[in-house]
Structure formats: C-alpha cells, structure tokens
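Breakdown of the fold
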Amino acid sequence: MSGAHEQNRKRRPPKMFLISADVKVQDQLEGTIRLQRGFICQEQDLSKSRGDYLWVKVLDNGTMVKLERKFLQEVPSDLSGLLEPVSDLDARLKLLTNPRKLQQLASLPLDTPLWVHMGQQGELAEAELKYIGPLTRGSSPVYFGVQLKGSAAGKGVSNGSYKGQRLFTCPEACALFLPVSDISYRHWSRNGSDPQDFHQHRPSSPPQPQRVCFPLDDIVYSGEARFCDLLPGRPSTGMYVGILLDDPVGNWDGHYKEEKLCHIPSQPYGLLLPITKVSSGTASVYTTKPHSSPPPVTKSGPTSPSALTPKVALLPPSRPALKPPPLPPPKPTQKPLHAPPLPPLKPRSPTSPTAAEQLQNTNGVHGPLSPLRSPDNPRAAGENGEAGLEGELEVGSMVEVNDPPLFGVICWIGRISGIPEPVAGIELDQELSAGTDGSYLGERHFRCPANKGLFVKLRNCRRDSRFPAPETPVNQVERCNSIAFAEWGSERVEEHTPPVDGDEARELYHGWKRGIQGHLNSCYLDATLFSLFSCCSSADWVLFWPSDPDTDQNSSQAQDLLRCEIVNPLRRYGYVCASKTMALRRLLEAANSDMGFTNQEKDPEEFLNKLFQLLRVEPLLKIRSMTQEPQECHLYQLFPPTLAPSPYSPLPQSPLDSPIPLSSPSSNRMRVASVQALLESSFLHAGLKFVEAPSCLLLLMPRFGKDFKMFDAILPTLSLDITDLLDDTLRQCSICQAVAEWECLQCYEDLDIMPGRLKQYCPTCNTQVHSHRKRTSHSPVKVRIPKGPWTGPLHCTRQRMSLFAVTCIETSHYVSFIKHGPLPTDWLFFDSMADREGGENGFNVPRVKACPEVGRYLSLSEEELSRVDAASLQEPARRLLCDSYMCLYHSPELSLYK
C-alpha cells in the first residue's frame, strides 16, 4: 500500500508557488540569498519537506532553498506556465488574483484580435493571436505569439519563427512573442459602451457600436454587437457574440444561465452566436438558390421587417455584358485604437488545411472571377517582371492587386470551376462595393468581414510594395561562409599557441561571445573541441602529426584548419567563429560521404572517430583481451557494474569540514557510481587490460536515455588510478602488498572482501583466500608480470590520470565543463548556443562562465554524494553529475612522449 502511494506521489507533477513577501534565506554554500516578492518556485522532493518548511527551486535565479510554507502562495498547475515568463513581479501577483481571467486568456481561439504592449515604453498596438505555448521543445513558460497589425506591422522581431523553429507564419518583422501580462483581448462590454481591457488601458474616447452580420436560412441579417466574450463557465467553447438585431428573427434575451451578458430590449431582437458565424460590417441580403438571370447588385443598409421578403442573389462579377466598375480611391488603412473591430474570421490554427486540402472540400457551384482583373487583361503579369511570382505566394502572403493598388492578405488559394488556373481569395484592407465576405456565388472559401473579400487570378497578385520582400529560405551551410558572419568572424593564427591556465584562462574565456560559436546543430563538435583544446595540451600531438600534402591533401587541409583556424585562435583570443568549424564539418562530410555532418545532430564519439580518421593519426588507446590480440581505438565506452553499491553498507562519518550538507542514511539515497568504479568494473568483467598507459583517455558514460538511468549521478573521479588495469606491469597484492600474480573476478563481487575494489593476490594470499568454503568455486586468473625475481612488499608509483574536462548532454544539447587550473574551484562552463541574436537567420552567442561550486561536489566520495539531497543540487553541479556524457582524462607526463 505504501509502495503504491509512493508511486502515485511521484507521478503527481510538482506544485508551483509564488513567494508572497521578500525573504532572506541563509545557505551554507551561497551565504545570504535574497528572494523577492513575486518570485516563482517549484516544489522539490517531498520526502525532505516536513512540517512548516518546503524545499523549492526558485525559477527566477535557479537557487534551491528551504522556505516556510507561509511565504508560499500556491499557483494552479494550469496557470504556472503563464506566470513564469512575466518579468514584472508585482504583475505576477496581481494576475494570480484573477485566475478566471488568466484561464480565459489562455483559451482564446487563434486569430482573436488583441491589444499588445510592445517595446520598453509599452506602446499599445493592434495584433492578432497566432500561437499559444512554449517557445522551445520541453520548456514550460507559455508565450503568446501575435502578428502585429495596422500601424504596428513591421515593428516585430521575426516572421513567426523562434530560434529557427517555425511556430506560426506571418510577414517578416510582424511577429512578437509576449507574456500574458502584455496582451489583452479586444471585445465589447456587456453594456455595449466601452471596450473591456484586462490591463485597464482604455482608449481616449468610447467606440461607436459595431455593425455585424451573419447568415441564417440562406439570408444574411445585420445588427449591433452588444457582447463579445467567452461564456461564463465555458471557456473551452471559444468566443461568442451577442447581437441586437435589426429584424425580429432572434430568440435570446441577453442572459446565459441566469447571468446577464448584455441588454436586449426584446427577445426576438436578440441572438447569441459563435464568433465563427459572425462577420463585421453590414452585408447584402442574398440567397444561394440558382437564378436563371441574375438581378442587379443591390447593397442594403440596415434592413427592416418589410425588407426581408426579397431574396437577392449576388451578381456574377464577370458577366460578359458588364464592364468592371470604377475603383474607389484607397482609404486610410490605419485604424484608431479606440475603435477595435471584431475578430476577423480566419482559419483558427497554423496547421489549417493546405490549399490542396481546401480545394478538395470546395466542390460546389463556382462562379467566374471578380471584374477587378479581366481574364483577358494584358497587365496580368504585373509590371516588374514578376510573372512567376505566384510560385512564391501562399496563404498569409501580403499582396496588392490592380492599379492604383488595393492591398490585402491571401486567405485562400484554389481552383474555381471554369477557370483554368489557380485563384486567390484575398481579404482587402479596405471595403469595396464589389467585395464579398469570402463567399463566391454562395460557395464559401474563407471568412472575412463583408465587402472585403475579393477573388482574382493568382498570377495577378503582386507582393505588397509597402513592405520589403520577405526573406527567401537561406542555405544555412552556405550562409555560414557568407558576409553575414563578418561581424562574428575570428582570425587565423599561424604560430603554435599553448593553452593558458588559472586566472589567465578565466580572464581569457569568461563572458559572452567566448568559446566556439554554435551553428546548425554543431554543439556536439563545439563542446568536444573546447573540452580537448581550450585549457589542455595533451591532445596537441594530433595538430602536428606528420602528413604528406601531396598524398594526403584532405588530411593536411583538415590539420591546418584545426590548428590555425580553431585551436590557436581559441587559445589566443578566446573565441572562434562558426564559419571555421563549418569548414571542418564540410571536410568531414566530404571525406565520409555523410551528408549529415554539416547540418544534423551527431555524437561526440562519432565526430572524434571521423576526425582522427581524417587526420590519419594513431589511435589513442591500445587494449588487449585475455584471449585476443591488442585492439586499437580512440574512446572507450564504460559499462555499468553487475553489482550496484549496497544502500545498507556502513556509511563513513561526514567530515566536519564537508562543503556540502549531507543527510542521514535513508532508503531514498541517490544511486551514485564513480568513474573509477565503472572503469575497473568494465575492464574486469570484459577481461581487458591497457597494453600501454594512455596519454589521453576519453571515456563515454553509461547512458540509457533520459527516461531511465541506472545511476542518479555519476561522480567524475578527479584522479583516475589505472595501475591495476595495465598489462604486463607490477601490481600489489590486495592483502600483503607483495607482487600480485593472480586476479579474481568472483572476488570483485564478494561483499565480504572490500566490495567494489579489484582483487589481486600473491600466490600465498590467493591460496588462503580461495581455501574458504564460500570461494572454492572461484576461478582466479594468472596475470602477466615482468620477468625477474620479485620478493617482499612492492613499493611503486601508482599510474594516475587527471580529469581535465567533462562533456554533458541534456535534451540533445551538448555543453562542457573544463578544469582550467590546479585549484579545486578552477572550473569553467561552456555553451556554444547560450543565447541567440535575431530570428531564423540570426546568430548563436556562445558563453563561458566560471562555476567554482562544482569543485565542492567533486571532492566528495561516492557515499557522501549519495547522501546529498538531490533537490539541493545547484544547476551547474546538477548538469555535471546527472547529465555527464564523456569524461576526459590525461597524463601530462606521458603527453610529452606522444
């Protein structure tokens, strides 16, 4: 029962809170931490939270603290993502006082008209809602993606993309991504007098009542919008419009579930409809029944009961006997902010049916084109050589037609019966007497306000000349070598530049635009190269490996590029441009016939193996099995031990000066393994030995994906002892320190004899140990040792390797931690894509920062680390311990002979 309860508790998502008052917290590592009123935080391990205190992670600064519950105001789970991106702390608390309004905003349908605040001055602008959700995969903050309209068009930051990922489509520089605090929906109040505004930014004067129209029984009726909002208690049904009708064809009294929404003087003059069935403006009354001879076009004003009898059909616009009507002069397109229109009725989702799908659903009776462009008009191709432009236009493109031009947005592309080429349905910026509401002879192709719909041949459309031409898709591989990267370039350095360390390294690398710039899924390469070469010279021999330029041109070119364009500039200036690493990726792709090296995600081991093959260097490692010839490789994959450390083994007393607060023994300790234990276990169970001590050792951690990990944390051993893993070398007996001649796999798994340690014995100790009845079934193996008479205790120097870098991965993104000096706190953190400037065609900004706190955790033993409260792990340490992918070790002494 308790197990099931524990499982259910773990499945429950963590609670979210707002801090209700300014608080100071004392932390053993960070000292005094000041938490501001309005900070948002996330509940951590409940098993550590007892009584009046709760462990929480503060999302605003990444700290892990223990707070009294009285300072925590719980946030409903469905609202936490909305509040997280709100930077104004007071606004967060104020928003939480009205959860119903937050829920309404979160459930707004796409294409809803909004007021938005843009820029530092909070300028109020018109916009349409196009997207609600996180900006990146796996993140929790919820943003509102909007398309700026009217005078604000062109003042955005992108075309609907964020960091290269398309979230919705709109013209360039018309998209903004805003928190909930910066948006409010435009609608009419329940008394029909003032527009509601969630943030109380009211226009300077009240708007006039807005005219709307809607179809009913093949007839379009008109009226005034008196209510436009979500229905009380039913936010998921979307927006509804309450209408005061011009004619008594309704059945609504202004109430919904006994709550008054607006004033309707008489029930027959009231109607409540979904917003998708309503258009703004007053439309002509029409019927979709066929007529043998269409009557003249009539446009009615507000209708009266007596005007309902005739059912007037829309005139086929291009009837041969008629001439195109004269075009009215263009009207101003800017709308005053105090007269917000009802939402234009467009497709609700960025994933709306394609033009081909829409075409399949428009199999009704179609009429010919609008007279604005006659089929025989010789100006159909435009004046600027844009006859083939229709291939670049799509739904959502801003276009112009006719001369003088009429401006609008393409809302539909398809074919109409009798027209042999594609037709575009356009929503115009201004009303036109010959316009429609998106229907053509009774067949609806899209929705727009009355008298704003226009159908023309697609080839008669031109780009909207008021805005610059949209950016064409860019080849990001080619762009990396273009002038676009000029401001981000790095210099070539011919002379060999050794790495710096200590304070000098921190000063060289620390800050933004430092390290190696990422571009187009290059983080695997950036993190690996920075780990290998930024602060360590043990791999420099690959930069000078002899090659013949005549016979190994690709190898010589790659070596020169790596040495003079990447490693030397990195060590001298602290920065390398992405165009340099792209050149290396091109060489790798050409040498391996692999089209993925320039643009796809790869793993560090695949990159290193292909790089060393291209450079034609000797393998880093030579490993021999007991029964096989020595094998050569560049990296070694660690495997988990068959026996995990026992949670019931005796625990050492926590040292008084331990830098990390340790918990008492409990059954929910972290599962921890050290690199030392993993390496010994992997070699022992596979019967492997190093033929020679390596100068550089690259070890891949055991990983089983993000959903299942054998270990909660892997402790990178600072000093890796490989003495007992070397072949044909002197080794000490585990008991008497004499020369060991036997090794036993079964004893390694024996908990009675130093569990988790290699067991090797001299002949005497081997006989004694295996005389015990529990070990008679063991099968010790003879090990190879140098020839010679060996007697007495063995005193020899242990062969150790030092940790100099760790590469980590989280959600397919690689970063690295670098040891840059002799002190325990000399650690740097590198991310090649820490930030981004610009949209889809922008630039990644690399960053290097000091993270001395990780040294404190690396000084712990496995037992001590297993007792660390996982919820208290700071962000840099958590990534290093829980997301390690590759640990890099070197022997500086042996590197001199490589």
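Because the structure is predicted, anything quoted here is derived from the model rather than measured.

Analysis parameters
- Residues numbered from 1 in each chain as written.
- Predicted model: local features only at pLDDT ≥ 70, side-chain atom pairs only at ≥ 80, totals over all residues.
- Heavy atoms only, no water.
- Helix = DSSP H or I, 4+ residues; strand = E, 2+ residues; numbered from the N terminus.
- Disulfide = S-S within 2.5 Å.
- Buried < 20%, exposed > 50% of the residue type's maximum accessible area, 1.4 Å probe, protein only.
- Core = buried A, V, L, I, M, F, W, Y, C linked by side-chain atoms within 4.5 Å.
- Salt bridge = Lys/Arg side-chain N within 4 Å of Asp/Glu carboxyl O.
- Pairing = 2+ DSSP bridges.
- Axes fitted to C-alpha atoms, helices over the stretch in contact; angles between N-to-C directions.
- Contact = heavy atoms within 4.5 Å.
- Phe/Tyr/Trp six-rings, centres within 6.5 Å; stacked < 30°, edge-to-face > 60°.
- pLDDT = per-residue confidence, 0-100.
- Parallel < 35°, antiparallel > 145°, perpendicular 65-115°, else oblique.
- Left-handed = near helix turned anticlockwise from the far one by under 90°.
- Nonpolar A, V, L, I, M, F, W, Y, C, P; charged D, E, K, R; others polar.
- Expected span 1.5 Å × (residues − 1).
- Arc of directions from axis to C-beta.

1. So, the environment of G425
- Tracing the sequence through the fold places G425 in strand 26 (residues 423-428).
- The spacing of G425 and H445 is 20 residues in sequence and 7.5 Å in space, taken between C-alpha atoms.

2. Topic: the state of the cysteines
- Taken as a whole, this structure holds zero disulfides when the rule is applied.
- In this structure C213 is a free cysteine whose sulfur lies 9.7 Å from that of C448, the closest cysteine sulfur available.
- Among the cysteines around C696, which has no disulfide bond, C536 carries the closest sulfur, lying 6.4 Å off.
- Residue classification places C696 among the buried positions, given a relative accessible area of 1%.

3. A closer look at the nonpolar core
- In this structure, L562, L584, L679 and L699 are the most contacted members of the largest nonpolar core, which totals 102 residues.
- If you tally residues by element for this core, the top one is helix 8 (residues 523-533), at eight residues.
- Listed in part, the 47 residues of the second largest apolar core include L79, L108, Y185 and Y221.

4. Side note on the pattern of salt bridges
- Applying the stated criterion across every chain yields a total of 33 salt bridges.
- D60 is the salt-bridge partner of R92, the closest N and O atoms lying 2.9 Å from each other. Of this pair, R92 sits in helix 3 (residues 89-96) while D60 sits in the loop between strand 5 (53-58) and strand 6 (64-68), placing them 32 residues apart in sequence.
- One salt bridge in this structure joins K457 and E421, with 3.3 Å as the shortest N-O distance. With K457 in strand 29 (residues 453-457) and E421 in the loop between strand 25 (406-414) and strand 26, the pair connects residues that are 36 residues apart, well separated along the chain.

5. Some remarks on the pairing of strand 49 (residues 884-890)
- The element strand 49 is largely enclosed, with a buried count of seven among its seven residues.
- Relative to strand 49, strand 39 (residues 696-700) runs antiparallel, the two being bridged by five bridges. Each residue of the ladder has a partner; that of L697, found in strand 49, is Y889.
- Note that strand 45 (residues 800-810) and strand 49 share six bridges and pair antiparallel. Bridging from a neighbouring strand, A805 pairs with L888 of strand 49.

6. Re the sheet that holds strand 13 (residues 175-178)
- In spatial order, the strands read 13-10-9-8-14; together these five strands make up an open sheet with antiparallel pairing. For this open sheet the edge positions go to strand 13 and strand 14 (183-185), each flanked by a neighbour on one side alone. When the angles between neighbouring strand axes are averaged without regard to direction, this sheet yields 40°.
- Across six bridges, the pairing between strand 8 (residues 113-118) and strand 9 (residues 123-133) is antiparallel. Bridging from a neighbouring strand, H117 pairs with L124 of strand 9.
- Contacts between helix 4 (residues 99-106) and the sheet are confined to strand 9, strand 10 (143-148) and strand 14, with strand 14 contributing the most and set at about 85° to the helix.

7. Looking at the packing of aromatic side chains
- Under the criterion given, the structure shown has 14 aromatic pairs.
- Note on Y162 and F177: the rings are 6.0 Å apart at their centroids and 70° apart in plane angle, and the pair reads as edge-to-face. With Y162 in strand 11 (residues 161-162) and F177 in strand 13, this residue pair connects regions lying 15 residues apart in the sequence.
- Residue classification places F177 among the buried positions, given a relative accessible area of 14%.
- Ring centres of W412 and F455 lie 6.1 Å apart, and the angle between their planes is 70°; this geometry places the pair in the edge-to-face category. In this pair, W412 sits in strand 25 while F455 sits in strand 29, placing the two residues 43 residues apart along the sequence. Comparing W412 with F455 shows no difference in burial state: the two are buried.

8. A short note on the confidence of the model for the chain
- Overall, the prediction assigns the chain a mean pLDDT of 76, with 73% of residues at 70 or greater.
- By mean pLDDT, the top-scoring element of the chain is helix 8 (96), and the lowest-scoring one is helix 5 (residues 355-360) (35).
- Throughout residues 188-207 the model reports pLDDT below 50, and contacts reaching past four residues in sequence, or to other chains, amount to 58 contacts.
- Considering only residues more than four positions removed or in separate chains, one finds that residues 643-659, a stretch of pLDDT under 50, has 20 contacts.

9. Thoughts on the packing of helix 9 (residues 553-573) against helix 10 (residues 578-592)
- Taken N-terminus to C-terminus, the directions of helix 9 and helix 10 make an angle of 165°; their axes are 10 Å apart at the nearest point. Taken together, helix 9 and helix 10 sit at an angle that is classed as roughly antiparallel. Crossing geometry of helix 9 relative to helix 10 is assigned as left-handed. Counting all contacts with helix 9, which are made through Q557, A558, L561, L562, E565 and I566, the residues of helix 10 involved are K580, T581, A583, L584 and L587.
- Of the residues that constitute the contact of helix 9 with helix 10, the class distribution is seven nonpolar, two polar and two charged.

10. Things to note about unusual backbone geometry
- Backbone geometry at K513 places phi at a positive 55°, although glycine is not the residue there.
- Here K513 shows up in the loop between strand 31 (511-512) and strand 32 (515-516).
- For K513, a relative accessible area of 30% gives the class partly exposed.
- For L520, which is not glycine, the phi torsion reads 55° and is therefore positive.
- Note that L520 resides in the loop between strand 32 and helix 8.
- Residue L520 is classed as partly exposed on the basis of its relative accessible area, which comes to 24%.

11. Looking at helix 11 (residues 604-615)
- The end-to-end C-alpha separation of helix 11 is 16 Å, in line with the 16 Å expected for twelve residues at 1.5 Å each.
- Along helix 11, the positions that sit buried rather than exposed are P604, F607, L608, L611, F612, L614 and L615. On an axial view of helix 11, the arc spanned by its buried residues comes to 155°, and they lie on one face.
- If you follow the buried residues of helix 11, they end up packed against helix 8, helix 9, helix 10, strand 39, strand 46 (813-819) and strand 49.
- Phi for R616, located one or two positions after helix 11, is positive at around 55°.

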